[in-house]
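Summary of the model geometry
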Amino acid sequence: MNSPADLKGDYIGKTASDDDDVPDFEEIPVWIDPSGDDDEGAPLDSVGDVPDPDLDSFAVIERDEGLLQYGRVSSGYEYSARADPSVQQRDTSMGYDPRPVRESALDEDVYRLIRVELLGEVVFEEDGYTVRRPSKLPQVGRKVYELGATELANLLEMPDEEIGLDIGSIESGGESVPFRIDPGFMSRHVAILGRTGVGKTHTGHVIIEELINYDDPDTPGVPVVTFDAEEDVANMADDVGGVTLDPEDIVMPVPFQLIGWSEFDRFLGSMASDMQRQVIGRAYSRVHNEALEELEERGQVDVGMAEFERYVHNAADAFDYNYGGQAANRATAVVNGSDVLAEGMNDWAELLVENPIVNIDIGNLGDANRGAVISAVSRMLRILREEDQIPPFVLAIDEAHEFVPAGQSSESTAVVRDLVKTARHIGVGVMLMTQSPSELDSRTLRTCNTYITLALADPEVNEIKGLLSDLSDRSLDQIPNMEQGRAFVGAARDIMTHTVPVNVRDRDSPEGAPTPNLVEDSSEWRDDYDEDGGE
């Protein structure tokens, strides 16, 4: 783009003002010129294509020589005094033969007005152009033009096909172009917000496809670790040559030494006496600390059940407790009787090098087991990455409000929160997906630098307004009614200039668990039941 003319698409009309709408630093009223011709000297003996800009389309507004202002169409209306219901009622009841409410696009009593949310300015200079925040007050009577999607992509400073991650498409000025985002957005975390059924998980999986280079499996991308609570990721992991780990299976040992005392204490149950808890707690703290040191130094855990049992006896002696044997038996029974706890751990470097996706299936786990798995895995991954013993990776957490809930504290919550807080500095990207941002820990949500917002209920939109500061109130009002697969995508200014509405693309990999159709499923079940004679 070398001059303002390069940004001007089809002519729309002119900036306007009346008693209700005036141009300011937030919004600009624009009269739609029905002639569709920006040649002010042309006769109005005929009408060309009447401008009809779409909601959320972008527009540029003339300001000064070498300066254009631009924004997004946020609302609009059409007005005619003859369309007043009382006037139409009067004419009908009195038997009048009134003029048609709308005779033509050039009808002198009908006008159309759109409002353009002011987003920025483009300053053209000899050596190119710069984009900046609004600094000049918009003026009335200035010509307004549609901004094509191709030119919009340039204003957004979107990366090219070789670098950018293909998320979907953007539309403006009657055209659509691919929407790509700089890969750097993942290193500063992303939150995907949307109620059930609007494409939240789908959007997350589209991003995962881009991260792992789904379309080019011979070129390794960034490995992704997922906690799969809804059995949504297993198909994708299998399709791309990844792996799904079941914590209740021996192929995924969850080291008891790393889950933390509060999670271990949940497994003790109510049968342990207070003194047994003190004894076992002291012993566990020693095992836990040694395990953390070993993990930092060697990337593995060697301290195990034998040491734990010995430390329980030592703690019993220190407390002058005569039933050290019973305490040791109870402590070891927790590990031996658990479906998920074990002494060893996986080779996470090998897992992440050989698998584009490491999917951890926690869908069938109870609360205690789920907490233990999340605590141990999150703690392991953080320490191993801090010590550069595993490659950089992305941690994807669906239904994140269940893992890091607002107003609650547990070992697993604290560990995940700590990982998210430190992840950026150690080469870990975090992707949080939730249908209930109000139920997600606010400190964790605020660590995200990119927000992809699909349809949400009004109360949820009110909760996150402060995170979507680039959107006007009119744009925020659109969110509850957005169609499936459409999202506002916004990031830090060095990643993307402005928040834009994006149509998320289809997935290339197999979809996850489908949303059940209860009517069809119930009918099929009854048919099968009848065929089997009620058995």
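Scroll up for the structure.
The following paragraphs examine the structure supplied in this document. (Residues numbered from 1 in each chain as written. Predicted model: local features only at pLDDT ≥ 70, side-chain atom pairs only at ≥ 80, totals over all residues. Heavy atoms only, no water.)

1. Digging into the overall build of the chain
A count of helical and extended segments in the chain gives 16 helices and 20 strands. Referenced to the eigenvectors of the C-alpha coordinate spread, the extents of the chain come out at roughly 105 × 70 × 45 Å. Counting across all 535 residues of the chain, residues that qualify as buried make up 51%. Here the contacts in the chain between residues at least 6 apart in sequence split such that 73% fall between residues at least 24 apart. With the model as given, the accessible surface of the chain reaches about 25000 Å², and the carbon-plus-sulfur share is 43%. Each charge class in the chain can be summarised by its mean position, and for the 42 positive and 109 negative side chains these summaries are 8 Å apart. (Helix = DSSP H or I, 4+ residues; strand = E, 2+ residues; numbered from the N terminus. Buried < 20%, exposed > 50% of the residue type's maximum accessible area, 1.4 Å probe, protein only. Contact = heavy atoms within 4.5 Å. Areas by Shrake-Rupley, 256 points an atom, 1.4 Å probe, with all protein chains shown as cover. Lys, Arg positive; Asp, Glu negative; His and termini not counted. Charge placed at Lys NZ, Arg CZ, Asp CG, Glu CD.)

2. Side note on unusual backbone geometry
The phi angle at Asp-56 is positive, at roughly 75 degrees, despite the residue not being glycine. Note that Asp-56 resides in the loop between β2 (27-32) and β3 (58-64). Owing to a relative accessible area of 4%, Asp-56 belongs among the buried residues under this scheme. Phi at Asp-388 is positive, roughly 60 degrees, even though this residue is not glycine.

3. As for the pattern of salt bridges
Close approach of charged atoms allows side chains with opposite charge to pair. Following the criterion strictly, the structure yields 35 salt bridges and no others. A salt bridge links Glu-103 to Arg-99; the shortest N-O distance between them is 2.7 Å. A relative accessible area of 42% places Glu-103 in the partly exposed class. With relative accessibility at 38%, the residue Arg-99 sits in the partly exposed group. Ionic pairing is found between Arg-99 and Asp-109, a salt bridge with its closest N-O pair at 4.0 Å. Taken together, the residues Arg-99 in the loop between α1 (85-93) and β5 (110-125) and Asp-109 in the loop between α1 and β5 connect sequence positions ten residues apart. (Salt bridge = Lys/Arg side-chain N within 4 Å of Asp/Glu carboxyl O.)

4. Considering the side chain of Glu-209
Checked against the element boundaries, Glu-209 lands in helix α3 (residues 200-211). A polar side-chain atom of Glu-209 sits 2.9 Å from the main-chain amide nitrogen of Asp-508. Those residues in contact with Glu-209, other than ones at most four positions away along the chain, are Tyr-214, Met-236, Arg-505, Arg-507, Asp-508 and Ser-509. (Polar contact = N/O pair within 3.5 Å; in protein donor to acceptor, adjacent residues only side chain to side chain.)

5. With respect to the environment of Ser-35
Topologically, Ser-35 is positioned in the loop between β2 and β3. Using a relative accessible area of 9% as the deciding quantity, one classes Ser-35 as buried. When the C-alpha positions of Ser-35 and Val-50 are compared, they lie 6.2 Å apart, and in sequence the two are 15 residues distant. Here the side chain of Ser-35 touches Asp-33 through a polar contact of 2.8 Å, side chain to side chain.

6. Quick notes on the nonpolar core
Judged by nonpolar contacts, the single largest core of 137 residues is most densely connected at Phe-179, Phe-264, Phe-308, Leu-341 and Trp-348. Ranked by the residues each element gives to this core, the list is headed by helix α10 (residues 367-386), at nine residues. Apart from the residues within four sequence positions on either side, Leu-341 is in contact with Val-254, Phe-256, Ile-259, Phe-267, Val-334, Val-335 and Ala-372. Ranked by size, the runner-up nonpolar core spans eleven residues in total, among them Ile-28, Ile-61, Val-73 and Val-116. (Core = buried A, V, L, I, M, F, W, Y, C linked by side-chain atoms within 4.5 Å.)

7. Topic: a negative patch on the surface
A grouping of Glu-520, Asp-521, Glu-524, Asp-527, Asp-528, Asp-530, Glu-531 and Asp-532 is seen on the molecular surface, where their side chains present a negatively charged patch. Topologically, Asp-528 is positioned in helix α16 (residues 518-531). (Patch = residues over 30% accessible without salt bridge, like charges linked within 9 Å, V, L, I, M, F, W, Y side chains within 5 Å.)

8. Points about the packing of helix α5 (residues 261-268) against helix α8 (residues 324-336)
Interhelical geometry of α5 versus α8 gives an angle of 95 degrees and a closest axis separation of 9 Å. Relative to α8, the element α5 is oriented roughly perpendicular. In this structure, α5 uses Phe-264, Phe-267 and Leu-268 to contact α8, whose residues at the interface are Arg-330, Ala-331, Val-334 and Val-335. Broken down by class, the residue content of the contact of α5 with α8 amounts to six nonpolar, no polar and one charged. (Axes fitted to C-alpha atoms, helices over the stretch in contact; angles between N-to-C directions. Parallel < 35°, antiparallel > 145°, perpendicular 65-115°, else oblique. Nonpolar A, V, L, I, M, F, W, Y, C, P; charged D, E, K, R; others polar.)

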